[in-house]
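# Survey of secondary and tertiary structure
Residue strings, one per chain:
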Amino acid sequence: MVWNKEAECMSKEEKEKLQLERLQQTVKLAYNNVSFYKEKFDEAGITPEDIKTLKDIEKIPFTTKDDLRAAYPFGLFAVPYEEIVEIHASSGTSGKPTVTGYTKEDLDIWSECIARGLGMVGVEKEYIIQNAFGYGLFTGGFGIHHGAQKFGAITVPISAGNTKRQLETMKDFQSDVITCTPSYAMYLGESLEGSDINLEDINLKIGIHGAEMWTEEMRHKIEDTLNIKAYNIYGLTEIMGPGVAQECIEQNGMHIQDDHFYPEIINPKTGETLKAGQKGELVLTTLTKTGIPILRFRTKDLTSLIIEECACGRTSVRMSRITGRSDDMLKIRGVMVFPSQIEKALLKIKGASPNYLIKVTRPDTLDEVEVKVEATKELFSDEMKEMEKTEAMIVKSIKSETGLRVNVTLCEPESLPRSEGKSVRVIDERNFE
């Protein structure tokens, strides 16, 4: 079904006219109410009146994650506090979290975007949606929750984890839809095979998965193990949350809700705007968000835009599957991790040197992380029992710093590669093509 045919099947001319009107309104809102943007515009020598065409968006300076952190917590709010009704934030794994605030109208738009996505994949109003995205400051759980309620489906806010209960709920409630990260969907399938619940006992039809990169091969495995159709959803806290883009039943790119979010692709090194079909870094501008309007946000996600009309009949621009990031941040099992966090955790442990190597692989369907750390000469000459104890302490320290459990191997001093230039700290062997 098409949830909102007028918006989702709009002609190119109508869409571009609406986008320009909304862009101009958003630019004025940001310039007049957010000191950060006024300073940016003044430094660039432009005013809101200079945005006369959609191409003029290229005159606007980029917004980065560091800009959002510098404004922590509420420096980018464009409306009085009394108009903000909900706040979400990123994990803050690399420093201060990025905060986003929503007005009631913003929540309505967020719900609308999710509702459109549910319609794209064939959800019906009588369906039961088992929402296994995490609730809390993380946007995943609440985004799906708001949208499912607007759509009119039954929402089960089970949140993430507790796999045994997830499977029992699937069986007892006869859930039709599962929403969670793709790696957790894969784990649910594997756990189902080892449980006393059979595939025939559950009623799942649809899976909506996001918050981490995943491959077509993983999609096929999820579909086989859970006997569902699995769909990709995209979003980020800085812009709104999940629902910025989502696949339809064609599974051929994610439809960007481009009446609410204006997409660009740039060369991540030069900032030059690229043409449709060229791969580069995704840049997003909010067109209707009033709590915190965001102009030309550099997502660091690498993708391309598809402008041809989809076979489903929707006319929105689509984005291809995310295949990587333009910075050194790693996304592991849905968690953002920076090498600097690993280093910080290592330096807390006596016997571990600051020389380390992070190796990320995906041997099957789940990300695996091995951290090789050079031991100090004193520790390396000690008993094996002490080495094992130190490894366990490092594992605990990294989990405390990042929220992830990784494999740690202590190595002989001076055994890891050295570089006269920039050190190579990360080897990511995952293939997202």
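Below, the structure is looked at part by part. (Residues numbered from 1 in each chain as written. Predicted model: local features only at pLDDT ≥ 70, side-chain atom pairs only at ≥ 80, totals over all residues. Heavy atoms only, no water.)

## Section: helix 7 (residues 163–173)
- Of the positions making up helix 7, those classed as buried are Thr163, Gln166, Leu167, Thr169 and Met170. Seen end-on, helix 7 carries its buried residues on one side only, within an arc spanning 160 degrees. Residues of helix 7 that are exposed and point over 90 degrees away from its buried face: Lys164, Arg165 and Asp172.
- Lining the buried residues of helix 7 we find strand 3 (128–131), strand 4 (154–156), strand 5 (177–180) and helix 8 (182–193). (Buried < 20%, exposed > 50% of the residue type's maximum accessible area, 1.4 Å probe, protein only. Helix = DSSP H or I, 4+ residues; strand = E, 2+ residues; numbered from the N terminus. Arc of directions from axis to C-beta. Contact = heavy atoms within 4.5 Å.)

## Things to note about the layout of surface pockets
- Within this model, the second largest pocket holds a volume of roughly 750 Å³.
- What lines the second largest pocket is a set of 24 residues, and nearest its centre among them are Lys12, Glu16, Tyr262, Ile307 and Val317.
- For the lining of the second largest pocket, the secondary structure elements donating two or more residues are helix 2 (12–33) and strand 10 (261–266).
- Residue classes in the lining of the second largest pocket are distributed as 11 nonpolar, four polar and nine charged. (1 Å grid on protein atoms, 1.4 Å probe; cavity = no way out; pocket = protein on both sides within 12 Å on 5 of 7 lines; lining within 4 Å. Points joined across faces, edges and corners; volume = space filled by probe spheres on them. Nonpolar A, V, L, I, M, F, W, Y, C, P; charged D, E, K, R; others polar.)

## Section: the pairing of strand 7 (residues 229–236)
- Burial runs high along strand 7: six of the eight residues are buried.
- As defined by bridge partners, strand 6 (residues 206–209) adjoins strand 7 across four bridges and the pair is classed as parallel. The residue bridging isoleucine 206 from the neighbouring strand is lysine 229, located in strand 7.
- After leaving strand 6, the chain enters helix 9 (residues 216–226) and then returns to the sheet as strand 7, a path that is right-handed.
- Here four bridges tie strand 7 to strand 8 (residues 241–247), and the two strands are oriented antiparallel to one another. Counted as the bridge partner of glycine 235 is proline 242 from strand 8.
- Where strand 7 folds back onto strand 8 in an antiparallel hairpin, the turn is made up of four residues. (Pairing = 2+ DSSP bridges. Right-handed = clockwise from strand over helix to strand, strands pointing away.)

## Structural notes on the packing of helix 7 against helix 8
- The contact between helix 7 and helix 8 brings their axes to 10 Å, and the two run at 75 degrees. Considering the angle they form, helix 7 stands roughly perpendicular to helix 8. Where helix 7 abuts helix 8, its residues Thr163, Gln166, Leu167 and Met170 lie against Tyr184, Tyr187, Leu188, Ser191 and Leu192.
- For the contact of helix 7 with helix 8, the residue count by class is six nonpolar, three polar and no charged. (Axes fitted to C-alpha atoms, helices over the stretch in contact; angles between N-to-C directions. Parallel < 35°, antiparallel > 145°, perpendicular 65-115°, else oblique.)

## Brief notes about the packing of aromatic side chains
- The full count for this structure, using the stated rule, is nine aromatic pairs.
- Of the aromatic side chains, those joined through ring pairs into one cluster are Phe74, Phe77 and Tyr81.
- Across from the ring centre of phenylalanine 62, 5.4 Å away, lies the NZ or CZ of arginine 298, which sits over that ring. (Phe/Tyr/Trp six-rings, centres within 6.5 Å; stacked < 30°, edge-to-face > 60°. Lys NZ or Arg CZ within 6 Å of the ring centre and 35° of its normal.)

## Here we look at empty space enclosed by the protein
- With the rule as written, the count across this model stands at four cavities of 30 Å³ or more.
- Of the pockets and cavities examined, the largest cavity occupies roughly 80 Å³.
- Together, 14 residues line the largest cavity, and Leu68, Pro73, Leu76, Val99 and Ile292 are the ones closest to its centre.
- For the lining of the largest cavity, the class distribution of residues is 10 nonpolar, three polar and one charged.

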